[in-house]
Structure formats: structure tokens, C-alpha cells
Amino acid sequence: MLTKVDHIGIAVNSIDEAVPFYENVLGLKCENIEEVPSQKVKTAFFALGEVHLELLEPTSPDSPIAKFLEKKGPGVHHIAYRSNDVQKQLETATAAGCKLINETPIEGAGGKKVAFLHPKSTFGVLSEFCSEKQ
Ligand code: ZN
């Protein structure tokens with residue numbers, strides 16, 4: 001079951017360049033900067049009420065974020081839905097004929113289990129399921 005929008009992912013060329021906008025203009029606080037090797041990204045998280053913003057910077061030219069930036073430039077990259085059972089969400093999506101990017105959950109930022117659905121199956125929105133913080 002989905003319980004909330006966990007975070008919104010935003011692709012940036014440089015976290016160092018983007019953080020001052022979120023801190024100084026929007027008045028948010030950068031809570032954590034972390035590298036996520038499984039996705040070849042560096043992430044920065046900002047809390048805003050119940051939802052977080054996740055900035056994503058590629059750490060390698062073959063990172064999915066590098067490819068996204070090349071094609072579309074910086075901008076909204078994905079919406080992450082918190083789920084109490086990521087594996088079951090994937091099974092439901094598969095049964096409905098959705099194309100998955102991750103057949104099984106992978107290690108995401110903050111030690112969460114995450115999995116992505118292909119935007120072709122989600123009306124153009126790259127969608128992530130993520131677990132509670134472990
Ligand atoms: Zn995410």
C-alpha cells in the first residue's frame with residue numbers, strides 16, 4: 001500500500017551549484033548528501049513538511065541521471081511513493097502489464113529499498129516505490 005509521496009527527484013548538473021538556491025532562496029535545509037553507487041548518483045535531501053526534495057547529480061557518464069540531463073536538461077526527474085511493501089507493489093504493477101526498471105528492489109539513498117517503474121508505463125512520469133527508512 002502506498003502511504004504518501006516520499007520525495008520528488010530533481011536532476012541537476014551540480015549539487016554544489018544547486019544547494020544555495022534551495023537553502024538561500026527557498027529557505028530549506030540540506031539534511032544529507034550521499035553517494036548512491038547502485039544508481040551512480042550523488043543525492044542531496046531537503047525536508048519540506050512531509051515530503052522531501054532529492055537533488056540528483058550523476059557521478060559517472062553512464063549514470064541514468066547523466067543520460068537524462070543529456071536528453072532533457074536539469075529538471076523534475078521522478079516522483080517517489082512510499083510503500084509499506086515495495087515487493088508487493090512491483091508484483092501488482094507487473095500483473096497490470098507495467099514495464100519495470102527494477103524487477104526487484106535495490107539499495108537507494110538512506111538505506112531504503114527502492115524500485116523504479118518505466119515512464120512508458122506510467123504516463124510519462126518516472127515513478128519510484130520506496131520503503132520506510134530501514
Ligand atoms: Zn528518488
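Placed above this text is the structure.
Residues numbered from 1 in each chain as written. Predicted model: local features only at pLDDT ≥ 70, side-chain atom pairs only at ≥ 80, totals over all residues. Heavy atoms only, no water.

Participant: Can you walk me through the nonpolar core in this structure?
Facilitator: Grouped burial of nonpolar side chains is what soluble globular proteins tend to show. In terms of nonpolar packing, the biggest core is built from twelve residues, these being Ile10, Val12, Ile15, Ala18, Val19, Tyr22, Leu28, Cys30, Ala44, Phe46, Leu53 and Leu55. Among residues more than four places away in sequence, those in contact with Val19 are Cys30, Phe46 and Leu55. Core analysis: the next-biggest nonpolar cluster, separate from the first, contains nine residues, Val41, Leu56, Ile65 and Phe68 among them. (Core = buried A, V, L, I, M, F, W, Y, C linked by side-chain atoms within 4.5 Å. Buried < 20%, exposed > 50% of the residue type's maximum accessible area, 1.4 Å probe, protein only. Contact = heavy atoms within 4.5 Å.)

Participant: Can you walk me through the sheet that holds strand β6 (residues 106–107) in this structure?
Facilitator: Sheets are built from strands that pair by backbone hydrogen bonding, the pairs being arranged parallel or antiparallel. Across the sheet, which stays open at both edges, the eight strands sit in the order β2-β3-β4-β1-β5-β8-β7-β6 with mixed pairing between neighbours. In this open sheet, the two edge strands, each paired with only one partner strand, are β2 (30–36) and β6. Of the strands in this sheet, β1 (2–11), β3 (41–48), β4 (51–58) and β5 (75–83) are in contact with helix α2 (residues 64–72), which crosses β4 at around 85°. (Pairing = 2+ DSSP bridges. Helix = DSSP H or I, 4+ residues; strand = E, 2+ residues; numbered from the N terminus. Axes fitted to C-alpha atoms, helices over the stretch in contact; angles between N-to-C directions.)

Participant: I'm lost on the pattern of salt bridges in this one. Help?
Facilitator: Close approach of charged atoms allows side chains with opposite charge to pair. Inspection of every chain in the model, using the stated rule, returns five salt bridges. The salt bridge partner of Arg82 is Asp6, with a shortest N-O separation of 2.7 Å. Here Asp6 lies in strand β1 and Arg82 lies in strand β5, a separation of 76 residues in the sequence. Residue Arg82 shares its accessibility class with Asp6, and that shared class is buried. The partner of Lys40 in a salt bridge is Asp62, with the nearest N and O atoms 3.0 Å apart. In this pair, Lys40 is assigned in the loop between β2 and β3 and Asp62 in the loop between β4 and α2, connecting sequence segments 22 residues apart. (Salt bridge = Lys/Arg side-chain N within 4 Å of Asp/Glu carboxyl O.)

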